[in-house]
Structure formats: C-alpha cells, structure tokens
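Take a look at the letters that make up each chain.
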Protein chains: 2
Amino acid sequence: MSKNFEALDKYFEKGMALQTAITLLEWDNETLAPKLADENTANVMATLSDEYFQTYTCDEVKQLLDKCFEEKEMYSFEQQKILVELDKIYKNLEPIPREEYKEYAKLTAAASKIWAKAKGESDFDEFLPVLDEIISYQKKFASYRGKEGEASYDILLKEFEESFNMEKLDSFFQQIKEEIVPFIKKVVEKNDKIDKSYNQQKYDIEKQKEFAFWIAEYLGFDFDKGVIAESAHPFTTNLHNCDIRITDHYHEDNLESGIFSIIHETGHALYEMGIADNITQTLIGAGTSMAMHESQSRFLENVVGRSKAFWKPIYGKLQEVFKEQLNNVSLQEFIEGINKAKPGIFRTEADELTYPLHILIRYEIEKMLFADEIETKDLPEIWREKYKSYLGIVPENDGEGVLQDVHWSNGDFGYFPSYALGSAIAAQIYYHMKEIMPFETYLEEGNLSPIIEYLREHVHQYGKSKSVEEILQDMMNEGFNSEYYIRYLKEKYQEVYQI
Amino acid sequence: MSKNFEALDKYFEKGMALQTAITLLEWDNETLAPKLADENTANVMATLSDEYFQTYTCDEVKQLLDKCFEEKEMYSFEQQKILVELDKIYKNLEPIPREEYKEYAKLTAAASKIWAKAKGESDFDEFLPVLDEIISYQKKFASYRGKEGEASYDILLKEFEESFNMEKLDSFFQQIKEEIVPFIKKVVEKNDKIDKSYNQQKYDIEKQKEFAFWIAEYLGFDFDKGVIAESAHPFTTNLHNCDIRITDHYHEDNLESGIFSIIHETGHALYEMGIADNITQTLIGAGTSMAMHESQSRFLENVVGRSKAFWKPIYGKLQEVFKEQLNNVSLQEFIEGINKAKPGIFRTEADELTYPLHILIRYEIEKMLFADEIETKDLPEIWREKYKSYLGIVPENDGEGVLQDVHWSNGDFGYFPSYALGSAIAAQIYYHMKEIMPFETYLEEGNLSPIIEYLREHVHQYGKSKSVEEILQDMMNEGFNSEYYIRYLKEKYQEVYQI
C-alpha cells in the first residue's frame, strides 16, 4: 500500500474513535443518562465534535488526499471509495469556521431538550429562538459550502441524498399529489368496513416487550451484535457492524405501535449488521444514504411486516400471548386492521398510505424556509393550513403540530424527503424480488433468510461503497423509479379495501 | 485570572471530554454493549487514551504549568489544587513512552474479557500470558516513574493512596493479624447461635429490584443525577456530579447480596453527587482517593446499613415485601443474620469481620510479585496456601480462587489495600460522629439527612482539593488511626455474638 494512504490511517483511527464516542454519548443521552446530566453532556459532545472537525480539516489530510487521488489507480475498490468519502467530509467541514462548528455542535446538543420541553408544553415560542439560531447556522453553512448560485435547500438535501435535488423531489411529490391524494379520499370512504378496536385494548407491557424481542430475532436480529432498549421515540444507533442498538416503545393501549416500531428498527439494524467486515469502522462502513436506510426499515415494516403472508405462520403466536384480546380477531381482520388508512396528525403513527403526505408537507415547508419565503414565527399557522389542505385535519395544538418531530432541533433540514424516498425504494425492491424468488412462499413458510440474505448481498454489505443509484442498477438493471411506489400503494390498498 | 491558567483551559476541556468518553465506554461495555463489540471498543478506547495522553504530556502544558506554579499565590484555593493535580498527571504520564501507553490501554481493554472467560472456565493458564504482560508493563511503568531506589510496589501504591506506602501498610496489616485473626477464631466458635437460613429462600428478583431502588432513594440517591443498572459485579461510574451511575446484582437465593450491594454503591454515589459544583468536571472534581471512596461506601454499607438502629424504622417494609420469607424472622434475628461472620472464599461476599483478611492476602501476594519473590505461574498455589493459613479454607478451583477478582486484569495492582483502609476510615468517622451528633437516634427516626449532610460538608464537597489526611484532620483533629477499626470490629462483634 502507498505510504500516502497509510499516513491517513492515524486520522481515520482518530476520527472513527471520536465518532464512536459522540454516537455513544448521543445514544446514552436518549436512553439512559440522568435528567440533569445534559448540560455537561452537551459540552463534552461539543469538545469532541471540535476534535473531529480538526482531525479531518487539517492541512496534512488535504495534502495526503490530493496525493492519493493522483495515484488512485493503485488502490483497491474500497480504498478508492474511502478516499471519495474523505473528500466529501473534507469539503463539507473545511469551509466552516472552526468556532462556528463548535458553537453549532453545542447548540444542537442542547436544543433537543429545549424542543422536548416546548413540545410537552405545546409552546412554540419557547422553541422559536433556538430554531431561528439553528436555521441561521444552516443557511450560513450552506452558503459556505455551496457553489455560486446554488440554492440553500439543494445544498442541504445533498447531504442526505446526493442524487435528489429539488427538481427531482418536486416531480416525485407531484406524482404523490396527483395519484395518491385523490386515491386516499376513495379509500377512507370505505373505512367503516374495517374494525380495529382490538388494537386499543389493554396489552401488558412486559408481554409486548417479550414479543418484540422475539420478532426481532425472527427477522434476523443478532443479539451478539446488538441490543434493544427503550425510548420515547424508537431509533437506531450504529457504532459498527458488531454494535447496533435499537429502541422500541410500548403503549398499553396500542399493540401495533410497539410491534411495527421494532420491525422498522430491525430493518435499520440488519442493514448495519450486514456491512462487510472489511469496511466496518471505515468511512464507508455504514448505510449509503438515509433513503436507502429507510428503504430497508420500511421494506421490513410495511412490505414484509404488514403482509398477510408474513403473519400467516406467526399470528397464532401473537394470539397465544394475548389470548383475551385477540382470540376473536381473525388473521384477515388483523391484516385489515394493521393496514387501515386514516388521515392523522402524527407522522410517526401514520399508516403507509397517508405517510407520504406528512413528508410532502414538511418538504414544502422546508423549501419555503430556505428560500426565505416564510418566517419561522409563522410556522404553526402554515403547518395547520397544510394539514388542513392535504389531510383534511388540523392539530389541536403546536405540540401535536409543528413541534411533533425532533429533526429540526438536531439541525436535520432536508432529511424528511428520505423517508418517502425510502418507501419508494422499498416498493421498487419488492417488485424486483417477487420476480426473482418465491417471495410470498418464503414468508408463509416463516423462512425469511433467503430474503434477508438477498438484501445483504445486494444492498447491506456495500455500505457507502456504492451509491443508491449504483445499488439499484446493479440489483435490477434499473435506477430509481417512483412508478413502483404508486403502483404498490394502489395495488395494496385496492386489495385490503377490496375497491 | 492569569493568561497562563486560561491557556490551560483548552487542555482541561479536551482532557475532560476524552475522560468522560472513555468512562462512558467502560460503563457501557460492562452493562450493555453486545458481546461481539469488544474488539472494536478496545481499539476505540486505546485511541482515545492515546489522545488523552498527548493532551496532558505536550510541551505547552509543561511550560504553562511551570509558569503557573511561579505565580501560584495569585490563584484561588481550587485553582492551586487543580495545578497540583495536573502536575501529578503530567509526572505520571510523561515518563511513559506514548506507544507503550497506547498498547497498554489496548491490552487492559481486552484483558477483562480474557479474565472473565478464564474465570468462567476456572483456567488460570488462559489468563496467565495476559497477566504476565500486564505485570511487566506495570513494572516498566513503575521504573519510569519512580525515584532511584524506590520499590516498584510503593510506586504503585502511591497512585491510589499517596500517604500509604508499604511501611505504613505493613504495620496496619500487622495489627489486623495480631488482633483480628485470633478474634475471628473466638467468634466463629459461636456461629451455631445464629440462624440465617432465611437468607437462602426464594426472593423474587423484581421485588428485590424495587426494594433496592427504594433504599437507594431512602439513603439520598438523587435519580435526577444518577441511574441504577445491573451488572454481574456491582460498581459505580462517575462522569460528573450530575451523572453518577451505579449497578446492583440480584440473586433469587441470596437476599442480602442485592441489598448491601446497593447500599455500598449508594455510598460511592453520594460522595460523587456531593462534589461541589465549582469543581465538578475539573481535575479535582472526584473523590480524593480510593480509600476515602471505600470509607464512604463501607460507612453506609456496614456502619449504617448493618446496624439495628438503621433497620428499626424500615425492617417492617422489607417484611411487607417478603411476607412469606420474613414474617417469622424478628428484627433481632435479621440483624444477627446480616452480621454473621464466617470465613469464606469470596472477597466480595465476605462479612465485615473476615473481610480485611481477604485484603491482607492480596496485599502480601502483590508485594511479593513486585519484589520479584514469586512467579505468576505459582499464584494459584500461593493463593491456596494463604487462604488455608489465614482463613482456614481452600477454594475448590482457580475460578473461585486466584481468578475471583477483576482488578489485575485492569492493571490495578496496589488497589486492594484501599478497601481495608476504607473500612478503617469509616470506623474512625463513626466514632467521631457518635460524639458530635445523636447518631443512633437519627437512624432510628429514619432521619438520615443530618448524617449525609455532615459527610457532604466535611468530605464529599472537597473532591480532590483535600487529601485523606487533611479531610480527617479538619473533621476531627486527628489523622488516620487504625485503632478505631480494631475497636469497632471487636465492639460490634462482641455485641452481635454476646461474647
């Protein structure tokens, strides 16, 4: 190996150690840390972020990177991809003044608690000053990073999905508006047909927990390489391919929530557990993009987890655990229940069909924010108008409205579209897999490993060494195509609702 | 403030952030991390330790430190103590070659898993190579650090207790041998009088857990500043005065173990929670020494927690929780049971009276090891001989013998004496407090706060800004005096056994 690449090793090692520590602090902060620890935790995270910043923005890294690019043909496929990733990180960090980066890290480390309090008290004004600060940092950072004339929001979007700018997303969401919005109207007219009152009975938390652990293992979650904890909002944390942590939440009066959350997070976990050993703990050793990640979680949650074939071999087990509540609920009734579509105010509790409208709303709002077409103080009102217009409902208060998502407090603007893109990719993969393997038969036989193995072989193992487009092309000879998503939603709901 | 002290700030900030991250990784590794994560975790910890090493050994730190010492009269009491502490860290780290420090960090991060496996399989040979490596590092490090002619073991001891070298410890343990060893013989002859069979009945784990949380809170544990988790061996982790984590373990057939472990760890936790706000997250923001820490945990566990006065107001609650098992056990019988002395093979399960002999054995072995009088391969045999000689019993295998403690796998040689010193300090504090406050009455009234507040005021708040000797002198006008410990053990056991 070249001495130039070798000389980068110490930076990789340090960067990765700092990244791991920061990620663990975040995980710990969300799942375990005592309430009053947060101020110090924010300081520690800011200091480590500053070290991380310095590690990858120093002159020697730039010089080595340039030299390595000059001799890149001597490197392996993975090494070349690592260089590309390092170049991205360098270009992403280097334009930002160090002090601003550190102040921003401190700001966002503290902001999620302020957001949580504001949300709990349904008081948008409490969150407004910190939100304004975050947005102004994001605008500044975008201006440092972007090319002349490039729109701020496009620069932000690129951080999450390289191949989806506003132009592409506009056309994607246009299709949702044209095809799905009117379709939802037709579907919800028939909602009386579906009785899902079983879901709101009293379900013992400990039993739910046990079932969640069981179903995670059934799907392939490896407890030697991962743990399951609890948090208000389920999420996944990945340190490396032998240390993936997911969380679930349990509600006594909502059986579905815990089950489909764990299936969703297991999808994220399997992606990260499937990263090849030779690239884990390198710059390319994680899922290639947020949309691809969401495609894996939503594939498991919706395409697999809400299908009749999936539940056929295991619904009996669920009935066994909750005899009293489910004995008189047939498999068919259960499947109808878990697929019932009903416009609601919460994104995270939305069904598969109305879900993309929640994303559409956020996308439109973020676009306007970063085009300076609206002011943050008007967000609650705009939020209500959009919900009225697209979903026909209005949240009762800001806690359930504009404050419902944590993302903005983390500075994650441009992130939401990945959720809808993930659903679309999941649908596309689904039609492909149905063609090449007896997909339903596998599910009906409780034989999930050929499905998971296929995903591992064609998606998971590569990490960031392949882009979304490359993964799709190599798998099915076709790039991203949202037609499959529209088709999937229509076919599925036509069947569930028999319309 | 001087610009020299200010210039040190960035080193303090970075050192503290790295220390916090390393501590959190250790905590996580012991309590939650998945099994296969350990190799990467060891690498990450080694890298962060290397950063920590560099932070405090760089030339600028040395120069600033020298300048600050020259102008030290312009600094506050706390700042002066911080400089002293920094000087200690510098002198402790600087003589070690950076590569050796890093390799050693990696070695010990991995060693505890090797030890755990060897212990589980009772296979000393499996642990022997890594133990040899650790010891040879420790000898090397001692030779780098020590003065000409200074004994290795004295150099190690100083890291844990500055004022206790072999000379002082020899005389301390001589007293134990002369006074306590024969006393134990007299006590155990009367063991038939005490029936503690109640302790081995079946105690529901969930109920034990609930009681442990309750008693921690009763003692003053603040759940806004701390958490309680589970681990095989209970321990305390302190990040700062608003983030203290303790663990407990629960055995269905051993009620005592979970209760007294939580009381013990709560003692450690209260010490760290009581550190003053103006010094937490500084170099002096933690307990002043291991012995002082153990004095606090053992004061709570033994002096308070095994007294009749303590249980008088709360034994009814314990009986309420475990009706079936304790209804026919009187308070007097319970107190006799929890104070029964019986030579056993496990240090951590030892009663208060035989406990110091476990330490004596380890002290004598470590002394010989670092004087090159024995070889590591002979440790199992030496262990058995010492146990036979001091406690009259021999462990059945090495897992229960020489492999029972984790300390050596962490490189903690010279640490064990602190446990016995802690008990001795606790006894000394006890006689002092009895003189100045209605100690027993407070306990009997369930009014613990005057006791905890007194400790907070005279011990906890100072952190490392006072030494053990300074704390004792300022509190009671007398330095460390082991006579109190001998007197305490005799008085207590004469009462319990009525001899």
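Our subject is the structure listed above.
The following refers to the structure shown. (Residues numbered from 1 in each chain as written. Chains lettered and ligands numbered in written order. Predicted model: local features only at pLDDT ≥ 70, side-chain atom pairs only at ≥ 80, totals over all residues. Heavy atoms only, no water.)

### Quick word on the overall build of chain A
The cut-off we apply is this: Per the convention used, a helix needs a DSSP run of H or I reaching at least four residues, while a strand needs a run of E reaching at least two, with both numbered from the N terminus. The atom set for the radius of gyration is the C-alpha atoms, and the globule formula is 2.2 Å times the number of residues raised to the power 0.38. Partly exposed residues are those whose accessible area sits between 20% and 50% of the maximum for their type, while under 20% is buried and over 50% is exposed, using a 1.4 Å probe and protein chains only.
Looking only at helices and strands, chain A features 22 helices and three strands. What you see for chain A is a C-alpha radius of gyration of 23 Å, in line with the 23 Å of a compact globule of 499 residues. Taking the principal axes of the C-alpha coordinates as reference, chain A spans close to 70 × 50 × 45 Å. Taken over 499 residues, chain A has a buried fraction of 60%.

### Details of unusual backbone geometry
Despite not being glycine, Q498 of chain A shows a phi value in the positive range, around 45°. Its location among the elements puts Q498 of chain A in the segment after α22 (483-497). Notably, Q281 of chain B is not glycine yet its phi reads approximately 60°, a positive angle. Relative to the helices and strands, Q281 of chain B resides in the loop between α10 (255-273) and α11 (290-304).

### Here's the deal with the side chain of R298 of chain A
Threshold: Residues count as neighbours in contact if any of their non-hydrogen atoms are within 4.5 Å of one another.
Relative to the helices and strands, R298 of chain A resides in helix α11 (residues 290-304). Excluding residues within four positions of it along the chain, R298 of chain A makes contact with H264, V303, Y355, Y419, G422, S423 and A426 of chain A.

### Topic: the pairing of strand β1 (residues 226-230) of chain A
Residue and element names in this part refer to chain A. Counted only if it meets this: For two strands to be treated as a pair, DSSP must find at least two bridges joining them.
Counted residue by residue, β1 has four buried out of five residues, so it is predominantly covered. Bridging between β1 and strand β3 (residues 243-248) involves five bridges; their strand directions are parallel. Residue pairing in the sheet places I228 in a bridge with I246 of β3.

### Some points on the environment of P343 of chain B
Residues and elements named next belong to chain B. Here P343 shows up in the loop between α15 (331-338) and α16 (355-370). A relative accessible area of 23% means that P343 is categorised as partly exposed. Spatially, the C-alpha atoms of P343 and L357 are 9.3 Å apart, while their sequence positions differ by 14 residues. Sequence-distant contacts of P343, defined by excluding residues within four places in its chain, comprise I184, V188, T354, L391 and I393.

### Description of the pairing of β3 of chain A
All names here are of chain A. Here β3 lies mainly inside the structure; six of its six residues are buried. Taking every second residue as pointing to the same face, both faces of β3 are buried, with D243, R245 and T247 on one and I244, I246 and D248 on the other. Hairpin connection from strand β2 (residues 236-240) to β3: two residues lie between these consecutive antiparallel strands.

### What about the packing of helix α2 (residues 38-57) of chain B against helix α5 (residues 98-120) of chain B?
Residue and element names in this part refer to chain B. Rules: For helices, the fitted line uses only the C-alpha atoms of the stretch in contact; every axis is such a line through C-alpha atoms, and the angle between N-to-C directions lies from 0 to 180 degrees. Each helix crossing is assigned a hand: it is left-handed if the near helix lies turned anticlockwise from the far helix by less than a right angle, otherwise right-handed if that turn is clockwise. Each residue is assigned to one of three groups, with Ala, Val, Leu, Ile, Met, Phe, Trp, Tyr, Cys and Pro labelled nonpolar, Asp, Glu, Lys and Arg labelled charged, and all others, Gly among them, labelled polar.
Where α2 contacts α5, the axes come no closer than 8 Å and their chain directions differ by 150°. Taken as a pair, α2 and α5 cross one another with a handedness that is right-handed. Seen from α2, the contacting residues are D38, A42, N43, A46, T47, S49, D50, Y52, F53 and Q54; seen from α5, they are R98, Y101, K102, A105, K106, A109, A110 and K113. For the contact of α2 with α5, the residue count by class is eight nonpolar, four polar and six charged.

### Looking at the sheet that holds β1 of chain A
All names here are of chain A. An order of β1-β3-β2 is seen for the three strands of this open sheet, with the pairing classed as mixed. Single-partner strands in this sheet number two, and they are β1 and β2. Adjacent strand axes in the sheet meet at a mean angle of 15°, parallel and antiparallel pairs treated alike. Judged from the four bridges that link them, β2 and β3 form a sheet pairing that is antiparallel. Opposite N238, over in β3, you have I244 as the bridge partner. Across the face of the sheet, helix α1 (residues 3-31) comes into contact with β1, β2 and β3 while running at roughly 150° to β2.

### Focus on the interface of chain B and chain A
To keep it simple, the criterion reads: When two components associate, each loses some accessible surface as probed by a 1.4 Å sphere; the sum of these losses over both components is called the buried area. Between Lys or Arg on one side and Asp or Glu on the other, a salt bridge is scored when a side-chain nitrogen of the former is within 4 Å of a carboxyl oxygen of the latter. Polar contacts, as used here, are pairs of N or O atoms within 3.5 Å; protein pairs need one atom able to donate a hydrogen and one able to accept it. Residues neighboring in sequence count only if both atoms are side-chain atoms.
The interface is formed by 32 residues belonging to chain B together with 32 residues belonging to chain A. When chain B packs against chain A, close to 2800 Å² is buried across both sides, 65% of that on carbon and sulfur atoms. For the interface between chain B and chain A, the tally reads eight salt bridges. For D28 of chain A, the salt bridge goes to R245 of chain B, with nearest N and O atoms at 2.5 Å. For the pair chain B and chain A, the interface holds twelve residue pairs in polar contact (both at pLDDT 80 or more). When contributions to the side of chain B that touches chain A are tallied by element, the ones reaching two or more residues are α1 (3-31), α2, β1 (226-230) and β3 (243-248) of chain B. Considering every element that reaches the side of chain B that touches chain A, the biggest residue donor is α1 of chain B, with ten residues. For the side of chain B that touches chain A, the class distribution of residues is 16 nonpolar, six polar and ten charged.

### Considering the relation of the copies chain B and chain A
The following threshold applies: Superposing copies: least-squares fit, C-alpha atoms only, residues required to have pLDDT of at least 70 in both.
Under the fitted operation, chain B is carried onto chain A by 0.0 Å of movement along the axis and a turn of 180°, and the coordinates agree to an RMSD of 0.0 Å. Expressed as a symmetry operation, the mapping of one chain copy onto the other fits a two-fold axis. Identified as the residue of chain B closest to the rotation axis by C-alpha distance is A21 of chain B, at 2.9 Å. With an isologous cut-off of 70% or more, the 100% of interface residues of chain B that recur at the interface of chain A puts this contact in the isologous class.

### Quick notes on the pattern of salt bridges
According to the stated counting rule, one finds 72 salt bridges over all chains in the structure shown. We note a salt bridge from E491 of chain A to R487 of chain A, for which the minimum N-O separation is 3.0 Å. Note that E491 of chain A and R487 of chain A are positioned in helix α22 at a spacing of four residues, about one turn of the helix. Residue class for E491 of chain A comes out partly exposed when judged on its relative accessible area of 37%. Exposure remark for R487 of chain A: the relative accessible area of 40% places this residue in the partly exposed category. A salt bridge links D170 of chain B to K367 of chain B, with the shortest nitrogen-to-oxygen separation between them at 2.9 Å.

### Examining the environment of E78 of chain B
Residues and elements named next belong to chain B. Tracing the backbone shows E78 in helix α4 (residues 77-93). E78 gets classed as partly exposed once you look at its relative accessible area, which sits at 27%. C-alpha of E78 to C-alpha of P97: the two residues are 19 residues apart in sequence and 31 Å apart in space. The contact partners of E78, leaving out residues within four places of it in the chain, are N278, I279 and I284.

### Regarding the sheet that holds β1 of chain B
The pairing of strands in a sheet comes from backbone hydrogen bonds and takes either a parallel or an antiparallel form. All names here are of chain B. Strand order in the open sheet formed by three strands is β1-β3-β2, with mixed pairing between adjacent strands. For this open sheet the edge positions go to β1 and β2 (236-240), each flanked by a neighbour on one side alone. Between one strand and the next, the sheet's axes are offset by a mean angle of 15°, whatever the strand orientation. Of the strands in this sheet, β1, β2 and β3 are in contact with α10, which crosses β3 at around 170°.

Any link to function would need more than the numbers given here.
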